[in-house]
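Understanding the architecture of this molecule
Here is what each chain is made of, one letter per residue.
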Amino acid sequence: MSEKYVYNFDEGDMSMRSLLGGKGANLAEMSSMGINVPYGFTVTTEACARFYEEGEKLWDELNEEISKHIKDLEAKNEKTFGNNEDPLLVSVRSGAPISMPGMMDTILNLGLNDDAVLGLAKRTENPRFAYDSYRRFIQMFSDVAMGIDKNKFEKVLSAKKEEKGVSTDNELTEEDLKDVVEKYKVVYKEEKGEDFPQDPRDQLNKAVSAVFASWNNERAILYRKINEIDDSMGTAVNVQTMVFGNMGDSSGTGVAFSRNPATGENKLFGEYLMNAQGEDVVAGVRTPKEINTLQDMMPEVYEEFANTARTLEEHYKDMQDMEFTIQDGKLFLLQTRNGKRTAQAAVQVAVDMVNEGLIDEKEAVLRIEPKELDGLLHPTFTEKALADNEPISKGLAASPGAAVGKICFSAKEAAQRAKDGEEVILVREETSPEDLEGMISANGILTARGGMTSHAAVVARGMGKCCVAGAGELRVSEEERTVKVGDKVYGEEDVISIDGSTGAIYDTALETQPPQFKGAFGTFMEWVDKYRDMKVRTNADTPRDAAQALEFGAEGIGLCRTEHMFFKEDRIFQVRKMILASDLETREAALEKILPMQEDDFYQIYSLMKERPVTVRLLDPPLHEFLPKGEKEIADLASELNLEVAAVKERIAELSEVNPMLGFRGLRLAVIYPEIARMQARAIIQAALHCKKDGINVVPEIMIPLSSEVKELKLVKDTVVEEIEKVFEETGDKVDYLLGTMIEIPRAAITADEIAEITDFFSFGTNDLTQMTFGLSRDDAGKFLPSYIDKGILERDPFQVLDQKGVGFLVETAVKKGRDTNDKLHLGICGEHGGEPSTVKYLYNVGLDYVSCSPFRVPIAKLAAAQAAIEKESK
Ligand code: PEP
Ligand code: MG
């Protein structure tokens, strides 16, 4: 039996997404629900794979299969391909299993030729419409399927409009359009050296091939890379009977969401244009009307559409993004899919749907991609900044957030200037898929044209990037590199601010503030906390970070890097003095000066964290990092310390290392200079005693970094314990404390059973553990790691996403061995991976008690942890 590569819409359903693509599966599903969908068929993603195996060609059996389905379509519609009485016309659209907006291409009105256009004119009694459809088809087909620059056609059209003294396409007459068609055909012949294809089957084959080929165009590849979509998935092709939104004033076309994709408000949201075809709405050529105005214009159609939207939502149990066409007063659905939305809307919709009884709380928690919360964690402008500044203009609030930067007129430049460290805003007439890279690099995007469903708006929302679209007062000239607003002119060096939540545009740098959580977010996070059992702490070195993390819901501090406290301006002098000291006495004198400062830091952090756990790590980096490098700085330091320049240089040379990352750092410092560890232990405990007096009972967790051998750890532990006992004796008071170590050297993981015998906790330092497992310097790998990912050697950057096979094996080994000898052992992670959702889920299943991550990632880690718990339970 030969393989089946083509499915009629009534042969599929929504479960067949990987075979039929998202669009195809949903068209099939809608057909079976009895929704009015123009009939058609889908050529599968498996056909796409075979297309590449065949050397980017369609093969005979597939051609036959398509022909058979065309016959079905002709029979069903009682029309024939290429007929000069009543021709069958189709649309050809791509549809991958995962939606890729703007990445793939669409061809409408396929089947038109010199005969069929007569047929269309006759049947519709509307020759103007027929020639308008034909010229659109030639243009779209030539661009999408044949790679001819669309500007060549735009020029012909503009010349015609100029010749006739009109400003919009709609004002051109039948005769004008006939002439345009002839001229378009000339352009085609000039470009391709052959006549425009007249055989509809030939047109269709070219179109199907073009859709398959577009799976591997640069934009599609880039989009997949950013969104981590599998390259081997392929796209399906949907061939669907055309319905016409450009048949006159009782026809139209639009796109709409069942709820507001920016805020989540439960109200139809969208745009439409009367007497227009699909691409007119998204291209931003004419400004579309808001969907609610359709209620007055065509109340019955509006009612039917609103009901359909509700039915689809109830069926898919999610917000829908729909495309529709009204042909002569009759409504057709051309597409539905789960709508892309901002993080704010995603949370609002999930919470509302629980309240409406559509989904349950757990489902709501599973609905939000943890990474998406990033969109909620974006800054906004301060109230004062907003009160003090008047916007120069306003556009649509397309994607929330606040962005400040210098104006940049091209995507390429935006990418370059951002690479050079500039903050930029991409300002464009409108964006197109080619602008993707620049959109990624810019702080925000501002366009003069296009609505809420324009390319810029859709893509920005997907990325969680601030965007103001359709700011109609702006006159953007890429050539002159200016943007005019009224009589003001701005250029590349001018800074602007845009507010993606209100659409306001300012010609100055406004002050921003960190995100403020409101509305449904609180309810959502309550559910996250309800279903989560792994704790989420934060990495914070200062009271400021700690306060921020508390606002994000941190449940403690998993890593306080004390070296950052050493760098503070007022104490670096004493730190340097301590390092340069040639005898113990001088060193201890300097440490004595540092002690009260450290103690105060800890006191402040504990007071802020109340009784939440705080893990303080003893000094980790190599000492030479605290010393200056330049001649002048060395000379200044020598004179400050009253030392010879030569003596300072000698000490720097003594401390310098070939491989500092593998050198004299971590607990090795404490082995050689126990007085440093003593001072820190004393500061940690004295601060806790101080808090105790204030009525706050802290149980400090003292963390010793970089151990690899139990004996060195034992030595440092003894030093610390001895000092603590001394403090207890001196003060006559006591606090509980825990003593643990970081597992960040493979040998520590392998000998974890020995290490666990003398420790209360392990915290996995997966930054170093990754570095040392791969033998890959974390400071230098950035230069070549991206090539490893491009070449497919590594799937992800192992410094961002934990390598489960290698580094994970060590973590699992350490967890098991550690718990074998110490069943009370407390386990956490404080490497960068602690805020990465897939790693958090993995570590939950490994059995860690907590993860610790940067303040902004706390909600993300919490959500990942809750999802891991729900997923485990449902297994
Ligand atoms: C680690 O190595 O994972 C860690 C948290 O420590 P640092 O990044 O300070 O080396
Ligand atoms: Mg480390």
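Residues numbered from 1 in each chain as written. Chains lettered and ligands numbered in written order. Predicted model: local features only at pLDDT ≥ 70, side-chain atom pairs only at ≥ 80, totals over all residues. Heavy atoms only, no water.

1. Some details on the domain arrangement of the protein
According to the domain assignment, the protein consists of domain 1 (6-244), domain 2 (245-341), domain 3 (378-513) and domain 4 (532-622 + 657-874). A separation of 41 Å is found between the C-alpha centroids of domain 3 and domain 4. (Domains from an automatic or database assignment.)

2. With respect to the coordination of the magnesium ion (ligand 2)
Within the first shell, the magnesium ion (ligand 2) binds the protein through Glu744 (OE) and Asp768 (OD), at distances of 2.0 to 2.2 Å. One end of the pair, Glu744, is in the loop between strand S30 (738-743) and helix H29 (746-750); the other, Asp768, is in helix H31 (residues 766-774), and 24 residues separate them in sequence. On the basis of relative accessibility, which here comes to 2%, the residue Asp768 falls in the buried class. (Donors = N, O, S within 2.8 Å, 3.2 Å for Na, K, Ca; no water. Helix = DSSP H or I, 4+ residues; strand = E, 2+ residues; numbered from the N terminus. Buried < 20%, exposed > 50% of the residue type's maximum accessible area, 1.4 Å probe, protein only.)

3. Comments concerning the site of ligand 1
Neighbouring ligand 1 are 14 residues, the closest being Arg561, Glu744, Gly765, Asn767 and Arg778. Contact distances for ligand 1 include 2.9 Å between an oxygen atom and a side-chain N or O atom of Arg617. A distance of 3.0 Å separates an oxygen atom of ligand 1 from a polar atom in the backbone of Asp768. When ligand 1 is considered free in solution it has 280 Å² of accessible area, and contact with the protein chains removes 95% of it. Among the elements of the structure, strand S27 (557-561) and H31 are those that each provide at least two residues to the shell around ligand 1. Broken down by element, the residue count for the shell around ligand 1 peaks at three residues, all from H31. Its residues assigned to classes, the shell around ligand 1 comprises three nonpolar, four polar and seven charged. (Near = heavy atom within 4 Å. Polar contact = N/O pair within 3.5 Å; in protein donor to acceptor, adjacent residues only side chain to side chain. Areas by Shrake-Rupley, 256 points an atom, 1.4 Å probe, with all protein chains shown as cover. Nonpolar A, V, L, I, M, F, W, Y, C, P; charged D, E, K, R; others polar.)

4. What to know about the sheet that holds strand S18 (residues 444-447)
An order of S14-S24-S23-S16-S17-S18-S19-S15 is seen for the eight strands of this open sheet, with the pairing classed as mixed. Strands at the two margins of the open sheet, each flanked by one partner only, are strand S14 (393-394) and strand S15 (396-399). Here strand S16 (residues 402-408) pairs with strand S23 (residues 495-499) via five bridges, running antiparallel. Across the sheet, Gly405 pairs through a bridge with Ile496, a residue of S23. (Pairing = 2+ DSSP bridges.)

5. As for the packing of aromatic side chains
Describing an aromatic ring pair means giving the distance of the ring centres and the angle of the ring planes. All chains considered together, the criterion is met by 18 aromatic pairs. Relative to Phe196, the ring of Tyr188 lies with its centre 5.0 Å away and its plane at 80°, an arrangement referred to as edge-to-face. In this structure, Tyr188 and Phe196 share a single accessibility class: buried. Chaining the aromatic ring pairs together yields one cluster made of Phe137, Phe141, Tyr188 and Phe196. A cation over a ring is seen here: Arg224 above Trp215, with NZ or CZ 3.8 Å from the ring centre. Positioned above the aromatic ring of Tyr850 is the side chain of Arg537, whose terminal nitrogen or guanidinium carbon lies 3.9 Å from the ring centre. (Phe/Tyr/Trp six-rings, centres within 6.5 Å; stacked < 30°, edge-to-face > 60°. Lys NZ or Arg CZ within 6 Å of the ring centre and 35° of its normal.)

6. Digging into the pattern of salt bridges
Within the structure shown, the criterion is met by 66 salt bridges. Put simply, Lys406 and Glu493 hold a salt bridge, and the shortest N to O gap is 2.9 Å. One end of the pair, Lys406, is in strand S16; the other, Glu493, is in the loop between strand S22 (488-490) and S23, with 87 residues separating them in the sequence. Given a relative accessible area of 24%, Lys406 falls into the partly exposed group. Overall, Glu493 belongs to the exposed group, its relative accessible area being 54%. Residues joined in a network through salt bridges with shared partners are Glu563, Arg617, Asp620, Arg665, Asp768 and Arg778. (Salt bridge = Lys/Arg side-chain N within 4 Å of Asp/Glu carboxyl O.)

7. Observations regarding the sheet that holds strand S12 (residues 330-338)
With antiparallel pairing, five strands are arranged side by side in an open sheet as S10-S9-S8-S11-S12. At either margin of the open sheet sits one strand with a lone partner, and together these are strand S10 (289-290) and S12. Relative to the sheet, helix H12 (residues 299-316) contacts strand S8 (252-257), strand S11 (320-327) and S12, its axis offset from that of S12 by approximately 30°. (Contact = heavy atoms within 4.5 Å. Axes fitted to C-alpha atoms, helices over the stretch in contact; angles between N-to-C directions.)

8. Things to note about a negative patch on the surface
On the surface, a cluster of negative charge is made up of Asp583, Glu585, Glu588 and Glu592. Mapped onto the elements, Glu592 comes out in helix H23 (residues 584-609). (Patch = residues over 30% accessible without salt bridge, like charges linked within 9 Å, V, L, I, M, F, W, Y side chains within 5 Å. Lys, Arg positive; Asp, Glu negative; His and termini not counted. Charge placed at Lys NZ, Arg CZ, Asp CG, Glu CD.)

9. Quick notes on the packing of helix H6 (residues 150-164) against helix H7 (residues 174-192)
At a minimum axis separation of 10 Å, H6 and H7 run at an interaxial angle of 150°. Here H6 lies roughly antiparallel to H7, going by the angle between them. In this structure, the crossing between H6 and H7 has a hand that is right-handed. Contact residues: H6 offers Lys152, Phe153, Val156, Leu157, Lys160 and Lys164, while H7 offers Asp176, Asp179, Val180, Lys183, Tyr184, Val187 and Glu191. Grouping the amino acids of the contact of H6 with H7 by side-chain chemistry returns six nonpolar, no polar and seven charged. (Parallel < 35°, antiparallel > 145°, perpendicular 65-115°, else oblique. Left-handed = near helix turned anticlockwise from the far one by under 90°.)

10. Topic: unusual backbone geometry
With a phi angle near 65°, Asn109 is a residue other than glycine that sits in the positive phi range. On the secondary structure map, Asn109 appears in strand S6 (residues 106-110). Backbone geometry places Asp328, a non-glycine residue, at a positive phi of 50°. Locating Asp328 in the fold gives a position in the loop between S11 and S12. The exposure class assigned to Asp328 is exposed, which follows from its relative accessible area of 52%.

11. Digging into the nonpolar core
Tyr606, Val720, Phe762 and Phe764 are the most contacted members of the largest nonpolar core, which totals 133 residues. Considering each element in turn, this core owes the most residues, 11 residues, to helix H27 (residues 674-693). Here this core gathers at least three residues from each of two domains, domain 2 (245-341) and domain 4 (532-622 + 657-874). In this view, Tyr606 contacts Val614, Val616, Ile684, Ala687, Ala688, Cys691, Ile696, Val698 and Pro700; residues no more than four positions away in its chain are not counted. Val117, Ala130, Tyr272 and Leu331 belong to the second-largest nonpolar core, a separate cluster that totals 86 residues. (Core = buried A, V, L, I, M, F, W, Y, C linked by side-chain atoms within 4.5 Å.)

12. Describing the side chain of Glu744
This buried residue, Glu744, is left without a salt bridge; Arg617 holds the nearest opposite charge, at 4.9 Å. A polar contact of 2.9 Å, which involves the side chain of Glu744, links it to the backbone nitrogen of Leu706. In contact with Glu744, other than residues within four places in its own chain, are Pro705, Leu706, Gly765, Asp768, Leu769 and Met772.

13. Thoughts on the pairing of S23
For S23, a buried count of four out of five residues is recorded, marking the element as mostly surrounded by other parts of the structure. Here S23 pairs with strand S24 (residues 504-506) via two bridges, running antiparallel. Pairing of Ser497 across the sheet is with Tyr506, part of S24. Taking the residues between adjacent antiparallel strands as the criterion, S23 and S24 are bridged by four residues, where Gly503 takes a positive phi near 90°.

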